[in-house]
Amino acid sequence: ATRIYSVSILVAESIFRICTPALASQCRLVDRVMITGSTTPMELYVIDVDCAALCIEPAPCVQMKWTPQVRFRLRQFLTHEKTSLWDNNVQISSLFNSNTEIIAMRRRYTKPFFHVFNMGYQNYVL
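Remember, it's a predicted structure, so these values are computed and weren't measured experimentally.

J.: For this particular structure, what's the right way to read the overall build of the protein?
T.: Within the protein, the regular secondary structure consists of 7 helices and 3 strands. For the protein, the sequential pattern of α-helices and β-strands runs α-β-α-α-β-β-α-α-α-α. At 19 Å, the protein has a C-alpha radius of gyration far larger than the 14 Å of a compact globule built from 126 residues. Here the C-alpha coordinates of the protein stretch approximately 60 × 35 × 30 Å along the principal axes.

J.: Is there a simple way to explain the environment of Tyr 109 in this structure?
T.: One can find Tyr 109 in the loop between helix 6 (100-106) and helix 7 (111-125). By relative accessible area, which is 17% here, Tyr 109 ends up buried. In this structure the C-alpha to C-alpha distance between Tyr 109 and Pro 68, which are 41 residues apart in sequence, comes to 44 Å. If we ignore the near neighbours within four places in the chain, the residues touching Tyr 109 are Asp 48, Val 49, Asp 50 and Phe 114.

J.: It is not clear to me how unusual backbone geometry should be interpreted in this structure. Could you clarify?
T.: Peptide bonds are, in most cases, trans, and in most cases residues other than glycine have a negative phi. Backbone geometry places Ser 6, a non-glycine residue, at a positive phi of 55°. Topologically, Ser 6 is positioned in the loop between helix 1 (2-5) and strand 1 (10-12). Taking the relative accessible area as the measure of exposure, Ser 6 reaches 64% and is therefore exposed.

J.: Sorry if this is basic, but what is going on with the sheet that holds strand 3 (residues 42-47) here?
T.: In a beta sheet, neighbouring strands are held together by backbone hydrogen bonds and run either parallel or antiparallel to one another. Read across the sheet, 3 strands follow the order 1-3-2 without closing on themselves; strand pairing throughout is antiparallel. Across the chains shown, the open sheet's two edge strands, defined by having one partner strand only, are strand 1 and strand 2 (27-33). For this sheet, the mean inter-axis angle between neighbouring strands, taken without regard to orientation, is 30°. Where strand 1 and strand 3 come together, 3 bridges link them in antiparallel fashion. When the sheet's bridge partners are listed, Ala 12 is paired in strand 3 with Leu 44.

J.: Can you walk me through the pattern of salt bridges in this structure?
T.: Side chains that differ in sign of charge can pair as their charged atoms come close. Counted by the stated rule, this structure contains 4 salt bridges. The closest approach of N and O atoms between Arg 17 and Glu 13, which form a salt bridge, is 2.5 Å. Placement of both Arg 17 and Glu 13 in helix 2 (residues 13-18) is noted, with a separation of 4 residues, approximately one turn of the helix. Note that Arg 108 is salt-bridged to Asp 50, the shortest N-O span being 3.6 Å.

Conventions adopted
- Residues numbered from 1 in each chain as written.
- Predicted model: local features only at pLDDT ≥ 70, side-chain atom pairs only at ≥ 80, totals over all residues.
- Heavy atoms only, no water.
- Helix = DSSP H or I, 4+ residues; strand = E, 2+ residues; numbered from the N terminus.
- Rg over C-alpha atoms; globule rule 2.2 N^0.38 Å.
- Buried < 20%, exposed > 50% of the residue type's maximum accessible area, 1.4 Å probe, protein only.
- Contact = heavy atoms within 4.5 Å.
- Pairing = 2+ DSSP bridges.
- Axes fitted to C-alpha atoms, helices over the stretch in contact; angles between N-to-C directions.
- Salt bridge = Lys/Arg side-chain N within 4 Å of Asp/Glu carboxyl O.

Here it is, written out as structure tokens:
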């Protein structure tokens, strides 16, 4: 479905409803669709990010021997990083204003863009 809407992140209404208000405010309603077998339409939201706005850094020229011990330590590190984001004190919505990569990916989505999109969407749903 992301290809149909030409977006990177598509969010179903059920996920949108469990988001915090701050995170939900980062989502943009793009459509209402009928799912086979359902009698009510489902809203689809998008989190606007332009992944092409990021520069890919070249890999460092470090020769590392990938032993089972090194792989295990790396897995532990990545698990710790992932787990830390699930902490109740972490506000994902705050990353939209503080994370340089997210700011760069959202730079092309300006207030005029949202204004024009809103006008078009209102005409689309009427």
